[in-house]
Amino acid sequence: MNLIEITKENWVKVVLLTTNENGSHTLGEEFVASNAYSLVQSAFEPGWTTKAIEQDGTLIGFAMYGWCEERSCYELCRFMLDRKAQGQGYGKQALSLIVQEMKQQFGCEKIYLSIDPENHRGKHVYEQFGFVPTGDVWDDEEVFCLPL
């Protein structure tokens, strides 16, 4: 598994990844903003890094992370695996790569993320990885922190 740059050759494939069970592409998916929305956001808000997640030459996911100006912290702002890649153990593997890259790139000591309270599968993955609930709420989402 690798985190790879999003380029003119692969951006359409990244945009077409979806978590929606029916395979439809929407701006706001069930538990995450679409990759198209995230790519546009990263173009206009400084501090975000976007990467595609690749497994055996196939794009399976997307991540957006970096310094959140609004909250003054390092944040894993977006993380998704395509519906076809879910439930195969890729989440923890991808998280490990993202955290490793954030430590290298930013030297951060904590990584924050927020998650929809109804996203029980996502919470389980994050908690098993070591993220702990902070008790805070951002935009109606529960906040978790990974101390490094």
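So, here is what we can say about the structure in this document. Everything numeric here is computed off the predicted structure, so don't read it as measured data.

**Re the overall build of the chain**
Here is step 1 of the chain: What the chain contains, in helices and strands, is 4 helices and 7 strands.
Here is step 2 of the chain: The secondary structure elements of the chain, listed N-terminal to C-terminal, are β-α-α-β-β-β-α-β-α-β-β.
Here is step 3 of the chain: In terms of C-alpha radius of gyration, the chain reaches 14 Å, essentially the compact-globule figure of 15 Å for 148 residues.
Here is step 4 of the chain: Taken across its 148 residues, the chain has 47% of its residues classed as buried.

**Thoughts on the pattern of salt bridges**
Here is step 1 of the chain: This structure, assessed with the given rule, holds 5 salt bridges.
Here is step 2 of the chain: Here Lys51 ties to Glu5 by a salt bridge, and the two come within 3.3 Å at their closest N and O atoms. Of this pair, Lys51 sits in strand S2 (residues 48–55) while Glu5 sits in the loop between strand S1 (2–4) and helix H1 (11–15), and the two are 46 residues apart along the sequence.
Here is step 3 of the chain: Among the ionic contacts, a cluster of salt bridges with common partners joins Glu5, Lys51 and Glu101.

**Some details on the environment of Glu21**
Here is step 1 of the chain: You can see Glu21 is positioned in the loop between H1 and helix H2 (35–44).
Here is step 2 of the chain: According to the relative accessible area criterion, Glu21 is exposed, its value standing at 73%.
Here is step 3 of the chain: Put simply, Glu21 and Glu9 are 12 residues apart on the chain and 26 Å apart in space, counted from C-alpha to C-alpha.

**Details of helix H3 (residues 90–106)**
Here is step 1 of the chain: The end-to-end C-alpha distance of H3 is 24 Å, a good match for the 24 Å that 17 residues give at a rise of 1.5 Å each.
Here is step 2 of the chain: Within the span of H3, buried status applies to Tyr90, Gly91, Ala94, Leu95, Ile98, Val99, Glu101 and Met102. For H3, the angular spread of the buried residues around the axis is 165°, confining them to a single face.
Here is step 3 of the chain: Gly107 sits one or two positions beyond H3 and adopts a positive phi of about 65°.

Criteria and cut-off values
Residues numbered from 1 in each chain as written. Predicted model: local features only at pLDDT ≥ 70, side-chain atom pairs only at ≥ 80, totals over all residues. Heavy atoms only, no water. Helix = DSSP H or I, 4+ residues; strand = E, 2+ residues; numbered from the N terminus. Rg over C-alpha atoms; globule rule 2.2 N^0.38 Å. Buried < 20%, exposed > 50% of the residue type's maximum accessible area, 1.4 Å probe, protein only. Salt bridge = Lys/Arg side-chain N within 4 Å of Asp/Glu carboxyl O. Expected span 1.5 Å × (residues − 1). Arc of directions from axis to C-beta.

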